[in-house]
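Take a look at the letters that make up each chain.
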Amino acid sequence: MADGANGPDGQVGFVRRIGLFQATAINMSQMCGIGPFVTIPLMVAAFGGPQAVIGFLAGAVLALSDGLVWAELGAAMPGAGGSYVYLRQAFQYRTGKLMPFLFVWTMMLYFPLALSTGVIGFIQYLGYLWPGMTQTQGDLTGLVLIAGVVALLWGRVENMARITAVMWCVMILAVLLVIVAAYANFSPDRAFTYPAHSFDLASQHFWIGFAAGLTIGIYDYGGYNTTAYMGAEIKNPGRNLPRSIIWSILGIMVIYLLLQVGTLGVIDWRDMLDPGNVASSSVASAVLEKTWGKGAANAVTVLILITALASVFTGMLGASRIPYNAAREKVFFRPFGTLHPRHRFPVLGLLSMGALGCVGFLIGRHTDLATLIQLLLAVMVLVQALGQIAAVTVLRRRQPGLRRPYRMWLYPLPSLIALAGWLVIYGYADRNSPGRHPIEWSLAWVGAGCVAFVVWARFERIWPFGPREIREEFLEGEGAAAPSPEPGGDPGPVEATPA
């Protein structure tokens, strides 16, 4: 929404105040966060040796390919809500509001659980500084952390951007210190001595490990799309959104490779698989302790904790915008469509993400982190990842006149690469989480969403119980969706088509 535009209840909407540097910082803070510091041992376990670097490379290829999908969609439709906007525009012609409804339905589960993994990582590294921490103490600390993040976000977005930029600098400092420490005591033999049959491409074991590694890798790169959810708050989005996505992916790719290889050159990969070894839970702290001593390890661990906080902070900042935009379009509960009268942020969206994040954190604390990642991605793949890949092609055909400041390079090749990667992750999810059934749970959740949509559509008297509302507002100019003139009112100019 343009600066000073009115919302559905006459209130002023989002303001474009976030520039390219701050947008890139938001993405990179969410991408890096605590992820690589807790998943390096998981990646090593997936591949069974230091060849685990393959997982980060594969994750980078998938992230960049999928990032180009986000870049084209985000530049063309820079509204608050990201995927919600893209799916609404692409699939309204056949299925009305089903796809955006399912997206909000799945993301209200996915995002809080994803954020909870950052809090779990925070508690994991806090255990290095607090060796005697009990399970209950860790649980209570995590809940207090989530409440603190909600309190920090209770303010104006330009303040959030400044805070995020500071946290991004802390994140970069923490990562650089770990990398410098690693290469100060680097052993090429330790980093590049692989077990027998490590690269046996004819082995089913390799491909199961590859799928698990790809899942962990794309989880670590997750966050390159954060600013797309804040499209209504980005300055010059046609230029800055694609650049913030692509630059953040390339920057994090370099950082991850240096970090992964450096860590493997200091810590024996077998130590990362030993639950009794500190390297299995706090591998970065182990690197610092072995290289520079306990004091340096403690100091950098504090920086890592701040980095974890930054990832949770930026993730909740972006996620809270999703139900807000959906409510404005009458695809979610209407109270979610209200902004704070003074600070202009979605009140109920922020509070709900915080509450569900607490639930997800407590669940995650008593489950396996790798399994939790599998569950998260399985839920997300079905609606968001596959839906957006289809949306790029659908919109090029349905809305050829849509202004596209950025067009995907080598179209449709990146879409096809992203499609293959997501299908590998989803197809191997059950094998990499035996007994947990992430595929079945994801299908059940989406199925429940379809039932919920039918009930919701009946109540709202929309398709399939009323006419489809075709709204091509982005063909009419830059900005967010045309708002309703009043809560629950007419959504604006629409083309009614038979159900």
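Since this is a predicted model, take the numbers as computed values, not measurements.

Attention shifts here to the overall build of the protein. The secondary structure content of the protein amounts to 18 helices and two strands. Of all 499 residues assigned to the protein, the portion counted as buried reaches 61%. Within the protein, residue pairs in contact and separated by at least 24 positions form 82% of the contacts whose partners lie at least 6 positions apart. Here the protein displays about 18,500 Å² of accessible surface, and carbon together with sulfur accounts for 65% of that area.

A word on the layout of surface pockets. Computed from the structure, the largest pocket encloses a volume of approximately 720 Å³. If you go around the largest pocket, you meet 33 residues; those closest to its centre are L42, Q124, S280, D368 and L369. Classifying every residue of the lining of the largest pocket by side-chain character gives 18 nonpolar, 13 polar and two charged. The calculated volume of the second largest pocket comes to roughly 420 Å³. Lining the second largest pocket are 18 residues, and of these L109, L113, I363, L372 and L375 lie nearest its centre. When contributions to the lining of the second largest pocket are tallied by element, the ones reaching two or more residues are α5 (98-129), α14 (347-365), α15 (369-398) and α18 (438-460). Residue contributions to the lining of the second largest pocket peak at five residues, all from α15. Here the lining of the second largest pocket is built from residues that sort into 13 nonpolar, four polar and one charged.

Right, let's get into empty space enclosed by the protein. This structure, assessed with the given rule, holds six cavities of 30 Å³ or more. Considered as a void within the structure, the largest cavity measures approximately 490 Å³ in volume. Lining the largest cavity are 34 residues, and of these Q30, Y110, Y219, G222 and G223 sit closest to its centre. Mapped onto the lining of the largest cavity, the elements with two or more residues apiece are α1 (20-32), α3 (53-76), α5, α9 (204-221), α12 (294-319) and α15. Examining the composition of the lining of the largest cavity, we find that six residues originate from one element, α5, more than from any other.

Turning next to the packing of aromatic side chains. Counted under the stated rule, the structure contains 16 aromatic pairs. Note on F206 and W207: the rings are 5.1 Å apart at their centroids and 90° apart in plane angle, and the pair reads as edge-to-face. A network of ring pairs unites the aromatic residues F101, W105, W445 and F453 as a single cluster. Positioned over the ring face of Y128 is K294, at 3.9 Å from the centre of the ring.

The next thing to look at is the confidence of the model for the protein. Taken as a whole, the protein shows an average pLDDT of 84; of its residues, 89% reach a score of 70 or greater. In the model of the protein, strand β2 (residues 495-497) stands out as the element of lowest mean pLDDT, 39, in contrast to helix α16 (residues 413-427), which has the highest, 96. Note on residues 1-12: pLDDT under 50 across the span, and 34 contacts to partners over four residues away in sequence or across chains.

Rules behind the numbers
- Residues numbered from 1 in each chain as written.
- Predicted model: local features only at pLDDT ≥ 70, side-chain atom pairs only at ≥ 80, totals over all residues.
- Heavy atoms only, no water.
- Helix = DSSP H or I, 4+ residues; strand = E, 2+ residues; numbered from the N terminus.
- Buried < 20%, exposed > 50% of the residue type's maximum accessible area, 1.4 Å probe, protein only.
- Contact = heavy atoms within 4.5 Å.
- Areas by Shrake-Rupley, 256 points an atom, 1.4 Å probe, with all protein chains shown as cover.
- 1 Å grid on protein atoms, 1.4 Å probe; cavity = no way out; pocket = protein on both sides within 12 Å on 5 of 7 lines; lining within 4 Å.
- Points joined across faces, edges and corners; volume = space filled by probe spheres on them.
- Nonpolar A, V, L, I, M, F, W, Y, C, P; charged D, E, K, R; others polar.
- Phe/Tyr/Trp six-rings, centres within 6.5 Å; stacked < 30°, edge-to-face > 60°.
- Lys NZ or Arg CZ within 6 Å of the ring centre and 35° of its normal.
- pLDDT = per-residue confidence, 0-100.

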